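# Reading the structure
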Amino acid sequence: MYRFLLTRQWVILTLFAIALIPTMVWLGFWQLHRHDHRQALNQVITASLAAPPVPVESLTSVGGSVAHDDIYRRVTAKGHFDTAHELVVRRRTNADDRVGYHVLTPFVLDNGKVLLVNRGWVASPASQSAFPKIPAPAAGDVTITGRLMQDQTTAASGIKNVKGLPDRQIMLINSEQVGALLRDSGDSTAEAVLNGYIELTSPAPKGGSPELIPSPKEDTSWIGVDDINLPYAVQWWLFAACVPVGWLILARRELRDRTGAPEEAAREESEPAAV
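Now for a quick tour of the structure. (Residues numbered from 1 in each chain as written. Predicted model: local features only at pLDDT ≥ 70, side-chain atom pairs only at ≥ 80, totals over all residues. Heavy atoms only, no water.)

A few words on the overall build of the chain. Counting secondary structure elements, the chain contains four helices and eight strands. The order of helices and strands in the chain, counted from the N terminus, is α-β-β-β-β-β-β-α-β-α-β-α. For 275 residues, the compact-globule estimate of 2.2 N^0.38 gives 19 Å, and the C-alpha radius of gyration of the chain, at 30 Å, exceeds that figure by more than 25%. Taken over the C-alpha atoms alone, the chain extends approximately 110 × 40 × 35 Å along its principal axes. The buried share of the chain, reckoned over its 275 residues, is 37%. When contacts within the chain are restricted to residue pairs at least 6 apart in sequence, long-range pairs at least 24 apart make up 68% of them. Accessible surface, the chain as shown: approximately 16,200 Å² in total, 58% of it carbon and sulfur. Charged side chains of the chain number 26 positive and 29 negative; the gap between the two group centres comes to 2 Å. (Helix = DSSP H or I, 4+ residues; strand = E, 2+ residues; numbered from the N terminus. Rg over C-alpha atoms; globule rule 2.2 N^0.38 Å. Buried < 20%, exposed > 50% of the residue type's maximum accessible area, 1.4 Å probe, protein only. Contact = heavy atoms within 4.5 Å. Areas by Shrake-Rupley, 256 points an atom, 1.4 Å probe, with all protein chains shown as cover. Lys, Arg positive; Asp, Glu negative; His and termini not counted. Charge placed at Lys NZ, Arg CZ, Asp CG, Glu CD.)

Next up, the structure:
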């Protein structure tokens, strides 16, 4: 009765269905893992933003690393901006999704160490190879506050670290790479660059430029306002459950068609011919 299942067409269809089920189950768990990661990150961000500011060197150091639990932690630093060695980070968007640059300015601490400060977003000039006009930061000694961030990498961000860019332009904010770039440009203070960087929050720039990077959206719901990973996980598991059901429906329809055909032919033969 079910010998048709041994035909080439049905063997291929069955193997395909068998392969689909574990694949969809795995995709569901992958989406669930991303959901859990998002929730854990939200907890870190919420705790960091609620914590009081601390001196930047209490959480990072030269040659050290920024701990995951310390990202977005508010930190303070005292020193002066070194605009002579300012860089821009290409292809960054602002709150209105306009593509421009992030302004990365070395900040020389009172002890001579250098902190990389992302001062915010500026619009792109007409020429992609031209260095944009950037409003100057506060002059002289100043105390700044910002959110501590880990070095950016291609693996974490998905952004390629393209080589051969125009002068003073980079793709990723990576303290080791930026330090080497600054030293090559003759910046003697770049021998001691603190790991990571900060997103400036104060003092606010005069005239609103560069545009400060907005605070990350806190996501306190159990799924998350923008978290679609959990629904996607459930969706993949439902798809996996539908595969054997769909296979069974197709097999029963095939069986009905095959058994119905001989009966229909026999009925036609038994009917008297029209005169």
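On we go from here.
All right, on to the pairing of strand β4 (residues 99-109) then. With 10 of 11 residues buried, β4 is to be regarded as a mostly interior element. Taken together, the three bridges between strand β2 (residues 74-81) and β4 define a ladder with antiparallel strand orientation. Considered in β4, the bridge of Phe 81 is made with Phe 107. Sheet analysis places strand β3 (residues 87-93) next to β4, joined by five bridges and oriented antiparallel. Note on β4: the bridge partner recorded for Leu 87 is Leu 104. (Pairing = 2+ DSSP bridges.)

All buried positions along helix α3 (residues 175-184) are accounted for by Ser 175, Val 178, Gly 179 and Leu 182. Around the axis of α3, the buried residues are gathered within 105 degrees of arc, so they sit on the same side. Exposed and oriented more than 90 degrees from the buried face of α3 are Glu 176 and Asp 184. Where α3 is buried, its residues touch β3, β4, β5 (114-123) and β7 (169-170). (Arc of directions from axis to C-beta.)

Any functional reading would require information that these geometric values do not contain.
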